[in-house]
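Report on the structure
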Amino acid sequence: MFKDIDEILVLMKGYKYVADRSLATMIYLAQGLQKPLLLEGEAGVGKTEVAKVISQILNSKLIRLQCYEGLDVSTSLYEWNYPKQMLEIKMQEVKGEAKKDIEETIFSEKFLLKRPLLQAIQNNSMIPPTLLIDEIDRSDEEFEAFLLEVLSDFQITIPEIGTIAAEKYPFVVITSNRTRQLHDALKRRCLYHWVDYPSFEKELEIVLTKIPGIRDSIARQVCEFMQKIRQTDFHKNPGIAETLDWAQALIVLGKEELDQETIDQTLGCILKYKDDMLKFREMMLLGLC
Amino acid sequence: MNSTDAKNEPTPLSFHVARKESFIENILLFCRVLKSLRINITIGRVLDVFRSMELINISDKEVLYFTLRANLISEYFQIPIFDRVFQVFWLFFQQSHNCDDASGPQEGLEGIIEHLECFSDDWDRGQSEDHEDQMEGRKICLYSPVENLATKDFSQFTDEDVERIKEELSRIVKKIATKKSRRRHVDPKGQSLSLRHTLRKSMKYGGEIFELATTKKKIKKIKLIALADVSGSMDCYSNFFVQFIYGLQQRLRGVETFVFSTRLSRITDLLKTRSLDEALRVVSETVRHWSGGTNIGSCLQSFNNDYAPSILDPKSVLIIISDGWDRGDTGLLEKEMKRLKESCLGIIWLNPLLSNPNYQPLCKGIHAVMPYLSCFLPFYNLNSIRKLGRTLGGPLSSVQ
């Protein structure tokens, strides 16, 4: 349990995550209110990383559920181990067991495949796990509706076994890249936080924290460049992940100064669309960058 | 945080913290003001605000701000509205503290509403601007000898042409109605085996597998929403697409239709008539802004504010029919397109100007919306209707 908001800031910094006070307040409230934390923002601004760092701070197990269209109960919650069940039926029949006993056996926990959501609910450890539901906007409405039920009271019902309720609520982090809007009912159950692109000072701090060997001068140049490039309207503006990749690439290449040639050679680290690269090169030629 | 601690704090809020009732009233008032600005504040959210207050130091302005924001806001574009209301409230807290300790929340409400009125004016600016003077007399009719349906009015078409278009519409409807989802359901005609259901079925035979359960991909029901530009620059196409949408609405369930120029009007119900002529007559009588100027941005804003929450869902496909000639605020247009993109499966922009092979989307309006479109298609003749059909039948979200 966190003592206060400042403690979260210090702890996150210890795990190389430079958080601002607003995010720390959200984490503090999410734990206090036992509500899921919904993080929205552009790709590469460090949403998923929040869950990873929290699990490290709390020393809890990180359970990750990657969302996609068509994700359903059998891949997110539970599934019976059918081949094992069939073999068991055959073995029990040979032994001459009664049908009722066979049914009881094959629908026991031994034959249950626990998927991420069930793992998060049914935890016996002292420290509840951290559940990361990543990129929820990729899933469909059906899954969102189902998730609503799970997140309301952290209990699920398996017809053959009964209701399983979480003894301790897991710390839930839901991320969304905002490719679509989430349903209002789901948002109401969460604490909302918008993760924006960082300011120059924050980005510099992130680069210096995450890449300890980097020279201050090149880190500054990289961050200044990134701040400038985000002003342009690209199809996909680079996030912090790109900044870090690029800074690391520059170290590998042994560059100590940022010049036009270096930028051109390493453009693939920053821009990931051909059109964006063409646009950028045009801008370079015109001297706009 | 208890009231004794709060009294020791020199911040302006400490007075309100000390008077617990007044503080609760202020927070409730804050929520009411947000609600009046179309932010969805539910009682559950308000209760969560008070639960959060137990956990934080409410005399810390920054923490109070983040706490209220986390609980009451769930869209990034609502943040500027929230910020403004919070600023006004904070000002009010300070003023009421400096002036008179006995000032009650009722006086506060008047003050806050007065402050926010200026703000609301700014907010609705986009909607009130009138652009009637623009695009006067502009007609962009295109002619090509091969595709001569392009410039023909529907009333000039032969019966054969109308039949061909009807056939094409039926084909589109069929494609939409049979679009496959990635979800599966049990179906005896399915190709893939479902062990889960097979085992369930075997139970009644004592575990012996007699029946195999198979699954098939589900039908993905998509909903169509059409927004048609009926401004002066689109005059020669307006009838064509009203007839097109009329045809779609007759054949598909749940199609919603809107027309816009300087204002937005919902014409779904007007098109629910028995004959096309009747529909055209009713629409032309009812929609007063036909052949006017264009302000796409503010029309999309009113669509987003008034209709989108109840109409759009992740299964809806929005079809916008417009040439993109817009004199409104491009920034607003872009912002509203972004909101739209996030609320539906995809946006298809049908542009009659694309009939010209040399056409380049250079006008500011079109340029601003391009990044938010799933498809940018021509719309002027039978071939373009076919192309739309293929697009709607395909995996829309991945088409650029």
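Residues numbered from 1 in each chain as written. Chains lettered and ligands numbered in written order. Predicted model: local features only at pLDDT ≥ 70, side-chain atom pairs only at ≥ 80, totals over all residues. Heavy atoms only, no water.

Section: the overall build of chain A
Short version of the rule: Segments assigned H or I by DSSP are reported as helices when at least four residues long, segments assigned E as strands when at least two residues long, and all are numbered from the N terminus. Computation of the radius of gyration draws on C-alpha atoms, with the globule rule given as 2.2 Å multiplied by the number of residues to the power 0.38. The criterion used for residue contact is that any of the two residues' heavy atoms lie within 4.5 Å. The accessible surface values rely on the Shrake-Rupley method and a 1.4 Å probe; as for residues, cover is taken only from the protein chains in view. Only four residue types enter the charge count: Lys and Arg as positive, Asp and Glu as negative, with His and the chain ends excluded. Note on charges: their place is set at NZ of Lys, CZ of Arg, CG of Asp or CD of Glu.
When helices and strands are tallied, chain A shows 14 helices and nine strands. Its C-alpha atoms give chain A a radius of gyration of 24 Å, more than 25% over the compact-globule value 19 Å for 289 residues. When the backbone C-alpha atoms are referred to their principal axes, chain A occupies close to 85 × 45 × 35 Å. A separation threshold of at least 6 residues defines the contact pool for chain A, and within that pool the share at least 24 residues apart is 72%. When the accessible surface of chain A is summed, it comes to about 13,400 Å², and 51% of that surface belongs to carbon and sulfur atoms. Counting 36 positive and 46 negative side-chain charges, chain A places the centres of these two groups 3 Å from one another.

Digging into the environment of S59 of chain B
The following threshold applies: Two N or O atoms form a polar contact when they lie within 3.5 Å of each other; inside protein one atom must be a possible hydrogen donor and the other a possible acceptor, and for residues adjacent in sequence the pair counts only when both atoms belong to side chains.
As for its position among the elements, S59 of chain B is in the loop between helix 4 (43-53) and helix 5 (61-72). Here the side chain of S59 of chain B touches N57 of chain B through a polar contact of 2.6 Å, side chain to side chain.

Considerations on the side chain of S60 of chain A
What counts is decided by this rule: Summary of the burial criterion: residues with accessible area below 20% of their type's maximum are buried, those above 50% are exposed, and those between are partly exposed, where the area comes from a 1.4 Å probe applied to protein chains only.
In this structure, S60 of chain A sits in the loop between helix 3 (47-58) and strand 2 (62-66). Its relative accessible area of 11% is what places S60 of chain A among the buried residues.

As for the sheet that holds strand 8 (residues 346-351) of chain B
Residue and element names in this part refer to chain B. Condition: Two strands are said to pair when DSSP picks up at least two bridges between them. Think of each axis as a best-fit line through the C-alpha atoms, taken over the contacting stretch in the case of a helix, with angles from 0 to 180 degrees between the N-to-C directions.
Within the open sheet, the six strands sit side by side as 6-5-4-7-8-9. Their pairing is mixed. What marks the edges here is a single partner per strand, and that holds for strand 6 (264-266) and strand 9 (375-378). When strand polarity is set aside, the average angle formed by the axes of neighbouring strands in this sheet is 20°. With five bridges joining them, strand 4 (residues 223-229) and strand 5 (residues 256-260) adopt parallel strand pairing.

A few points about helix 11 (residues 216-229) of chain A
Residue and element names in this part refer to chain A. Rules: Residue count minus one, scaled by 1.5 Å, sets the expected span of a helix.
For helix 11, spanning 14 residues, the distance from its first C-alpha to its last is 20 Å, which sits close to the expected 20 Å at 1.5 Å a residue. Three or more residues of helix 11 are buried, namely I218, A219, V222, C223, F225, M226, Q227 and I229. If you follow the buried residues of helix 11, they end up packed against helix 10 (200-210), helix 12 (240-252), helix 13 (260-265) and helix 14 (274-285).

Focus: the packing of aromatic side chains
So the rule is basically this: Pairing of aromatic rings covers Phe, Tyr and Trp, the last through its six-membered ring, and needs centres within 6.5 Å; plane angles under 30 degrees mean stacked, over 60 mean edge-to-face, and all others mean tilted.
For the coordinates displayed, the defined rule picks out 19 aromatic pairs over all chains. Ring centres of F154 of chain A and Y169 of chain A lie 4.6 Å apart, and the angle between their planes is 45°; on these two criteria the pair is classed as tilted. In this pair, F154 of chain A sits in the loop between helix 8 (141-153) and strand 6 (155-158) while Y169 of chain A sits in the loop between strand 7 (162-165) and strand 8 (171-176), placing the two residues 15 residues apart along the sequence. With a relative accessible area of 2%, F154 of chain A lands in the buried category. Ring plane angle 20° and centroid distance 4.4 Å describe the contact between W194 of chain A and Y76 of chain B, whose orientation is recorded as stacked. Here W194 of chain A, found in strand 9 (residues 191-195), pairs with Y76 of chain B, found in the loop between helix 5 and helix 6 (79-99), and the two come from separate chains. Residue W194 of chain A shares its accessibility class with Y76 of chain B, and that shared class is buried.

Comments concerning the domain arrangement of chain B
Residue and element names in this part refer to chain B. This is how it is decided: The split into domains, and so the bounds of each, comes from an automatic or database assignment of domains. Buried area is understood as the total, over both parts, of accessible area removed when two parts are fitted together, assessed with a 1.4 Å probe. Salt bridge, as used here, is a side-chain nitrogen of Lys or Arg placed within 4 Å of a carboxyl oxygen of Asp or Glu. Here the nonpolar group is Ala, Val, Leu, Ile, Met, Phe, Trp, Tyr, Cys and Pro; Asp, Glu, Lys and Arg are the charged ones; every other residue, Gly included, is treated as polar.
As assigned here, chain B comprises domain 1 (3-123), domain 2 (154-179 + 221-398) and domain 3 (181-219). For the pair domain 1 and domain 2, the two sides together bury roughly 430 Å², of which 42% comes from carbon and sulfur. Between domain 1 and domain 2 we count zero salt bridges in total. Run the count over domain 1 and domain 2 and you get one residue pair in polar contact (both at pLDDT 80 or more). Partitioned by chemical class, the residues of the side of domain 1 that touches domain 2 number three nonpolar, no polar and one charged.

Side note on a negative patch on the surface
Condition: Patch rule: a residue counts if its relative accessible area is over 30% and it has no salt bridge; like charges are joined within 9 Å, and nonpolar side chains (Val, Leu, Ile, Met, Phe, Trp, Tyr) within 5 Å.
Together, E97, D101, E103 and E104 of chain A give the surface a local cluster of negative charge. You can see D101 of chain A is positioned in helix 6 (residues 99-106).

Thoughts on the UniProt feature "domain: ATPase dynein-related AAA" (unreviewed entry) in chain A
The cut-off we apply is this: UniProt positions are given in the numbering used here, feature names are shortened, and annotations may be inferred rather than shown by experiment.
When the UniProt feature table is mapped onto this chain, "domain: ATPase dynein-related AAA" (unreviewed entry) is found at residues 36-190 of chain A. Strand forms 23% of residues 36-190 of chain A and helix 40%; the C-alpha atoms that close the span are 5 Å apart.

With respect to the interface of chain B and chain A
Residue-level contacts link 44 residues of chain B with 47 residues of chain A. Here chain B packs against chain A, burying approximately 4,100 Å² in sum over the two surfaces, 54% of which is carbon and sulfur. Linking chain B with chain A are 12 salt bridges, by the criterion used here. In this structure, E79 of chain A engages R196 of chain B in a salt bridge whose closest nitrogen and oxygen atoms are separated by 3.0 Å. The interface formed by chain B and chain A holds 14 residue pairs in polar contact (both at pLDDT 80 or more) in total. For the side of chain B that touches chain A, the secondary-structure elements that each account for two or more residues are helix 4, helix 5, strand 1 (180-186), helix 10 (195-202) and helix 14 (330-343) of chain B. No other element matches the seven residues that helix 5 of chain B contributes to the side of chain B that touches chain A.

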